Structures are given as C-alpha cells and as structure tokens.
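The lines below spell out each chain.
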Amino acid sequence: MIEDKTAGGRLFTVVNTTLLLLFALLCILPLMHVIAGSFTTSAELAEKAFVIFPTEWSIDAYKYIFSTDTIFRALLVSIFVTAGGTLWSMLLSVLTGYGMSRKDLPGRRVIMFFIVFTLLFNGGMIPTFLVVQQTGLLNSLLALVIPVSINAFNMIILKTFFQNLPASLEESARMDGCNDFGILFRIVIPCSMPAIATISLFYAVTYWNTYMHAILYLEDASKWPVQVLLRQIVVLASGMNYDGSTYMDVPPPEQSVKMAVIVVATIPVLLVYPFLQKHFAKGALLGSVKG
C-alpha cells in the first residue's frame, strides 16, 4: 500500500480516522449501555438516563429470563430453525444461482424476469397464510422455513458471483469428465466460499430473528422461537401464562429485563459473525461487481 506523504493526504487520513472513530463510538456506546443496563438495578436505571458502568451490579433480569426451562426450549427451536433453514435456503439459492448463471439455460431471461418481479411484488400476508394453511404447514416449524426458502436478492448475488468465475475452470473440469453437478460441487462452490459464507449469514440472521411468521403460523406456544418468547417476557410484567402457571411470582425489573432480552437475542449472532467476518465484505463486494 502506497502511503500519501503530502499534507493533503495526511489531513485526509486524520479526518477520515476521526470520523470513523466517532461513527464507531456511536455504534458501540448504545450496545455498552444495553449490556450494562441488563446488569444493573431498576433503581439505577430509573435514576440515570445512560449507564456504562453500573455502580451496583445485579443479575435479577437474567434470573427472571432463565428461571424456567421454557427459554431453553425456545432457544433450541430457534437453533433448529436457523440451522436447518439456512442449509435448506443455501441449497436452493446455490442451485438456482448456478442455473441462472449459465448463459445456455433455455428461457433464462424469462425466468430471471419472474425472479426479479418478486423483489417488487408479493402475494401479501393473507394469501400467504391461506397457502400455508391449505398445504398443512400451519402450527409446524416448517412454516417458518418453507414460505421463505429462497430470497431473490441473495440468489442474484450468488448468480453474479458464479458468473464472475473464470470460464477456464469449467472447461478444464469438463475435459476431466465432470458433469454439471460435479462442476458445481467440486469447482464452483469451493471457489465461492466468500459469497456462500456471506449469504449464509444473511439467511441465518433472518431465521434467527423470525418473529412475524411465528406469530401468524404457530398456535402451540411450545414451538415458539426465542424472539417470540422474549417479547412475551417483556410485555407481560407478571410473567408468562402458557398453561395457567405464572412465569415468576415476583414482578421483574422491567427496564433491565428489556435490555437483558436484547443481549440474549443478539449474543448468538455476535458469536457466529467473527468466524465469517473475513468472508463477509469480500463476498458481498465480489457478488456485486457485474450485473
């Protein structure tokens, strides 16, 4: 990397670094406030508008959240839906993206038109609910996966990435006797791991944050994902009443519970992101170089 030694270059570096640090603080300080607030008392939260370092530490909010096995069941549901849904969505997206990247695919332009059309228009909530109901998916965890199996935007990123791969790789594989599936799984996918890691993270975050579909399609509270359960913890001040029993006999520390809920819902994604960070920016950028 060539360093600009001119006065203007140094000034640009200083200003750019300062602005980026300020932007980073704007992002980090609210997160620190939420984490600190989840470990402080309700009295301190009521007294102070902004808390970074609690004067009195308390884990009452987390005791309240984890005082029943229900939260662990909801976490298992979310993990199952996120892992299974991501694998299923990536399989469909990779197969569709690879097919659409082939210029010799019959009807490629027409198919692509209908795929892009879904980015602008969709059936809406009620028609989608009726489809889920008529296909027997109502009150099933599959209802959180099947209706959102593939995202057109994510598929287009993969398609563009596949198109940018050197054609010589495919030609060499065909000379070695590979068919289309061999080329896809032995050549294309290993060469596309940055894009695949990026899209996998997109899908995983979407499935982990599943809320509206769970509210619409799941009647059995035991099948609720963690996002719906955490909302109930926040909304119901006296606890959760699934089977007639109260969640807790004592009222929860309301403000700290809200912050603890955010921490619990965010930590799994934060734990996964560092493993995909090196692929994230590269995959998103390379998949958007050409249309």
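None of the values given here were measured: they were computed from a predicted structure.

## Thoughts on the overall build of the protein chain
Secondary structure assignment for the protein chain yields 13 helices and zero strands. Each helix (α) and strand (β) of the protein chain, taken in turn from the N terminus, gives the series α-α-α-α-α-α-α-α-α-α-α-α-α. Across the protein chain, every contact between residues at least 6 apart in sequence was considered, and the portion connecting residues at least 24 apart equals 71%.

## Brief notes about the nonpolar core
Residues M90, V94, L158, F162 and V188 are the most contacted members of the largest nonpolar core, which totals 27 residues. Elements with a minimum of two residues in this core: α4 (70-101), α7 (152-164), α9 (180-191) and α10 (193-208). Beyond its immediate stretch of four places on either side in the chain, V188 contacts Y98, F162, L165 and I183.

## Looking at the environment of I262
Tracing the backbone through its elements, the reader meets I262 in helix α13 (residues 254-286). The exposure class assigned to I262 is partly exposed, which follows from its relative accessible area of 42%. Sequence separation between I262 and S38 is 224 residues, and the spatial gap between their C-alpha atoms is 8.9 Å.

## Looking at the environment of P54
Looking at the element boundaries, P54 is found in the loop between α2 (42-47) and α3 (60-65). Looking at P54, the relative accessible area reads 7%, which means it is buried. Distance in space between the C-alpha atoms of P54 and H33 is 9.6 Å, their sequence separation being 21 residues. Those residues in contact with P54 that sit more than four places away from it in its chain are A36, F39, T40 and E44.

## Thoughts on the UniProt feature "transmembrane region" (unreviewed entry) in the protein chain
Mapped onto this structure's residue numbering, the UniProt feature "transmembrane region" (unreviewed entry) falls at residues 12-36, 71-98, 110-132, 138-162, 183-208 and 257-276. With 100% helix and 0% strand, residues 12-36 has end C-alpha atoms that lie 35 Å from one another. When the span residues 110-132 is considered, its composition is 83% helix and 0% strand, and the gap between its end C-alpha atoms is 27 Å.

## Observations concerning the side chain of T40
In this structure, T40 sits in the loop between α1 (7-38) and α2. In this structure the side chain of T40 is engaged in a polar contact, spanning 2.7 Å, whose partner is the side chain of E44. With sequence-adjacent residues up to four places away left out, T40 is seen in contact with L45, P54, E56, S58 and S256.

Reading the values: the criteria
Each chain has its residues counted from 1, running along the sequence as written. In keeping with the predicted nature of the model, local features appear solely for residues at pLDDT of at least 70, side-chain atom pairs appear and are counted solely at 80 or more, and the whole-chain, interface and lining totals rest on all residues. Excluded from the side-chain calculations are hydrogens and water; all other atoms, namely the structure's heavy atoms, are used. Only runs of H or I of at least four residues qualify as helices and only runs of E of at least two qualify as strands under DSSP, and these elements are numbered from the N terminus. When checking whether two residues touch, look at their non-hydrogen atoms; a contact exists if any pair is within 4.5 Å. The criterion is simple. A nonpolar core is a set of buried Ala, Val, Leu, Ile, Met, Phe, Trp, Tyr and Cys residues joined through side-chain atoms within 4.5 Å. Burial status follows relative accessibility: with a 1.4 Å probe on protein chains alone, a residue under 20% of its type maximum counts as buried, one over 50% as exposed, and anything between as partly exposed. UniProt positions are given in the numbering used here, feature names are shortened, and annotations may be inferred rather than shown by experiment. Identification of polar contacts relies on pairs of N or O atoms within 3.5 Å, with a donor-acceptor requirement for protein atoms, meaning one able to donate a hydrogen and the other able to accept it, and with residues adjacent in sequence counted only if both atoms are side-chain atoms.

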